[in-house]
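The residues making up each chain are set out below.
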Amino acid sequence: MTEPRDFTPALGRPELTSQYDQVIAIMTRERRWRARLLAALAPAAGETIVDLGAGTGSMALLIKQAAPACHVVGVDPDPEVLAIAWAKIEAAGQEVEVLQAAGDAHVLADGVADKVISSLVLHQCSHTAKEGLLANAYRLLKPDGRLLIADYGLQRTPLMSMLFRQVWALDGYENTRANKDWEIPKLMAAAGFHDVAELSVTPTPTGSISVYAGTKAGA
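So, here's what we can say about the structure. These numbers were taken from a predicted model, which means no experiment stands behind them. (Residues numbered from 1 in each chain as written. Predicted model: local features only at pLDDT ≥ 70, side-chain atom pairs only at ≥ 80, totals over all residues. Heavy atoms only, no water.)

With 28 residues, the main nonpolar core has Trp-33, Leu-37, Ile-63 and Leu-148 as its most contacted residues. The dominant element in this core, judged by the number of residues it contributes, is helix H2 (residues 30-41), at five residues. Other than its neighbours up to four places away in sequence, Leu-148 contacts Leu-37, Ala-40, Leu-41, Val-116, Ile-117, Ser-118, Leu-199, Tyr-212 and Ala-213. Judged by nonpolar contacts, the second largest core, of 25 residues, contains Val-75, Leu-147, Ile-149 and Phe-193. (Core = buried A, V, L, I, M, F, W, Y, C linked by side-chain atoms within 4.5 Å. Buried < 20%, exposed > 50% of the residue type's maximum accessible area, 1.4 Å probe, protein only. Helix = DSSP H or I, 4+ residues; strand = E, 2+ residues; numbered from the N terminus. Contact = heavy atoms within 4.5 Å.)

Tallying each qualifying case throughout the model produces four aromatic pairs. Between Phe-164 and Trp-168 the ring centres are 6.2 Å apart and the planes differ by 85°, which places this aromatic pair in the edge-to-face class. Taken as a pair, Phe-164 and Trp-168 lie in helix H6 (residues 158-171) at a separation of four residues, close to a single helical turn. With 5.2 Å between their ring centres and 90° between their planes, Trp-168 and Tyr-173 make a pair best called edge-to-face. Trp-168 gets classed as partly exposed once you look at its relative accessible area, which sits at 22%. Three or more aromatic residues joined by ring pairs form one cluster here, namely Tyr-152, Phe-164, Trp-168 and Tyr-173. Over the ring of Trp-182 we find Arg-156; its NZ or CZ atom is 5.5 Å from the centre of that ring. Across from the ring centre of Tyr-138, 4.8 Å away, lies the NZ or CZ of Lys-216, which sits over that ring. (Phe/Tyr/Trp six-rings, centres within 6.5 Å; stacked < 30°, edge-to-face > 60°. Lys NZ or Arg CZ within 6 Å of the ring centre and 35° of its normal.)

Structure (structure tokens):
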């Protein structure tokens, strides 16, 4: 375990952490975008999958249920959300490795992961933290490994732009600006990923959520 640095709590304020799962389920059409992320990830037996910003463990558990023989590692700096994650993992009877650390922390070896995911994390991060998380994802991946990101993206309609203002209010304009301005694919490419693509867009009551993919260069 590393000493976590400053981070934005799951819903912007620590007093809301206990409500995170309920809010995400209602306000983000969670089942739809998580299903799209899982389909794009296509977890397989024997793979190591690292979830940077694993939060309460929802995505890690979905991965284990889809591919019980894969090794899932969840990384998150927030001890309160990790406590929720541990309880959910134990209740589900699954084996998920959980580490308390920031998304850019080097708590795992280089090239350990077949795939890396991150969901609803980058919109909470400063520009520097976004770059750090993406650089760490690249470092963690094996050659030809894939990065999958689900997060708020370009808000293509006036309605989605209006709804996204709720996210601004919670997580701050500076942190969220790159997401709404469609800069996440550019940041992925700058981190070294190729074949960067937006795979899906899910309209939600808080703005649209995109799934992005990118691949690390082969050996």
